[in-house]
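Breakdown of the fold
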Amino acid sequence: MNHERSSVLFQQAKAAIPGGVNSPVRAFKSVGADPLFIKKASGSHIFDEDGNDFIDFVGSWGPMIVGHCHPDILKAVQDTMTSGASFGAPTERETILANMVIDAVPSIEMVRMVSSGTEATMSAIRLARGFTGRDKIMKFSGCYHGHSDSLLVKAGSGMATFGVPDSPGVPADFAKLTLTAEFNSLDSVKELVAGNRDAIACIIVEPVAGNMGTVPPREGFLEGLREICTNEGIILIFDEVMSGFRVAYGGAQELFGITPDMTTLGKIIGGGLPVGAFGGKREIMEKLSPAGGIYQAGTLSGNPLAMSAGIATLKLLQQPGFYAALEAKSRAVAEGIAKAAKDADYPIYSTRVGSMFCAFFSKSAVFDWPTSSQCDTKAFAKYFLGMLDEGVYLAPSQFETAFVSAAHSDADIERTIAAAAKCFKLIA
Ligand SMILES: *Cc1c(COP(=O)(O)O)cnc(C)c1O
């Protein structure tokens, strides 16, 4: 497969943009290759600058649940564009999308729009701190909540009491306020809560972890978090930037029947345009400026183009049978890949929740960051490059989720499984 033009464009980009990309994972570094520059996309396929055609399982890292360039979304954005891209003043569309989100997501009684998932989680945490008057927050090792200072922290080990920054530039004093527990371990949560009584403002969690591969919550984990938070006056935040409108119309909280106090959203609700949102109980949300005193703002928040794309996307998701059909496709492709690995005598650990799935290159179960981080990333890199050669575009890291869209056809799925069978035989 020819990648000549992508290589040239990458060299040019590197001179102007740090690392040649505007978000690190795009750089293909962990698989030891250069990124492909994308020219266009349609439905379940993306096309690079060299004219190669790929079945896309990245879907812009989650938003493209109906596939690329859906005609309804195209039309909505085009129509909106002709009446103005941004006003910095309220528009009716913002209330329409807000009400669609409120109707869909069990925990959300009021919602505010922002422009990215990072902004949503950062703002939700400020609100939780302002509401409770507490400074500490708790997150889980391996969960990603955007790149704001307080959240760019993981534990040195599961039981570490104080966080250490993941990046230079994050002050150690900020990181100290971030406690890190182990995903799927209520014991690790209880231990930190016991050591920090009346000091923890919120627990933020991806209810289906999607940023260390796909790691489903174990039975009782989310229930346990709900109970601990209720008992301790801690605000439970589900970060559903990825899982919202993805694993079910009402997100993971609908799927598992656990209602958090606050929820963050992004990705799908913008239909591919830059968007984020955070919402929750009315008594909490009303503390937000200008209704209350906790400040948060944005020049492009509730942007007309993003609102239109979001409304059009959610309308498509409301169609009867949408999620059942997506579930069937997703099961077929995830199970097909797992079977291909088994047939090649190279068993993987396969996980899936709805249209999020992952092939972990691990012989044992993956249920948290320590077990995920043990995966054979070298073998994954071979698999990734092999799949790319076969015309299947996966995320260039073991620790990412693959996304299935409604646009994936039976032929796409068959081709993907056949490609995987070939790749596993080569690796085994
Ligand atoms: C993608 C993601 C974010 C960050 O969203 P951006 O729009 O990239 O800032 C936050 N939380 C989760 C769970 C995500 O998957």
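Conventions adopted
Residues numbered from 1 in each chain as written. Predicted model: local features only at pLDDT ≥ 70, side-chain atom pairs only at ≥ 80, totals over all residues. Heavy atoms only, no water. Pairing = 2+ DSSP bridges. Helix = DSSP H or I, 4+ residues; strand = E, 2+ residues; numbered from the N terminus. Contact = heavy atoms within 4.5 Å. Axes fitted to C-alpha atoms, helices over the stretch in contact; angles between N-to-C directions. Phe/Tyr/Trp six-rings, centres within 6.5 Å; stacked < 30°, edge-to-face > 60°. Buried < 20%, exposed > 50% of the residue type's maximum accessible area, 1.4 Å probe, protein only. Lys NZ or Arg CZ within 6 Å of the ring centre and 35° of its normal. Near = heavy atom within 4 Å. Polar contact = N/O pair within 3.5 Å; in protein donor to acceptor, adjacent residues only side chain to side chain. Areas by Shrake-Rupley, 256 points an atom, 1.4 Å probe, with all protein chains shown as cover. Nonpolar A, V, L, I, M, F, W, Y, C, P; charged D, E, K, R; others polar.

1. Concerning the sheet that holds strand β15 (residues 392-393)
If you trace the four strands from one edge of the open sheet to the other, you get β1-β2-β3-β15, paired in mixed fashion. At either margin of the open sheet sits one strand with a lone partner, and together these are β1 (38-42) and β15. Note that strand β2 (residues 45-48) and strand β3 (residues 53-56) share three bridges and pair antiparallel. Of the residues in β3, the one forming a bridge with Ile-46 is Phe-54. The sheet contacts of helix α14 (residues 410-427) involve β2, β3 and β15, and relative to β3 the element is tilted by about 100°.

2. Overview of the packing of aromatic side chains
Applying the stated criterion to the full structure yields 20 aromatic pairs. Aromatic pair Phe-10 and Phe-37: ring centres 6.5 Å apart, planes at 55°, arrangement tilted. Highlighted residues: Phe-10 in helix α1 (residues 4-16) and Phe-37 in the loop between α1 and β1, separated in sequence by 27 residues. Judged by its relative accessible area of 5%, Phe-10 is buried. The exposure class assigned to Phe-37 is partly exposed, which follows from its relative accessible area of 23%. Members of the aromatic cluster, joined through ring pairs, are Phe-28, Phe-54, Tyr-346, Phe-361, Phe-380, Tyr-383, Phe-384, Tyr-393 and Phe-424. Its end group placed over the ring of Tyr-346, Lys-363 keeps NZ or CZ at 4.2 Å from the ring centre.

3. Details of the site of the ligand
Near the ligand the following residues occur: Ser-116, Gly-117, Thr-118, Tyr-144, His-145, Gly-146, Glu-206, Asn-211, Asp-239, Val-241, Met-242 and Lys-267. Within the side chain of Asn-211, a nitrogen or oxygen atom sits 3.2 Å from an oxygen atom of the ligand. Taking 380 Å² as the accessible area of the ligand by itself, protein coverage stands at 83%. Taken together, the residues of the shell around the ligand sort by class into three nonpolar, six polar and three charged.

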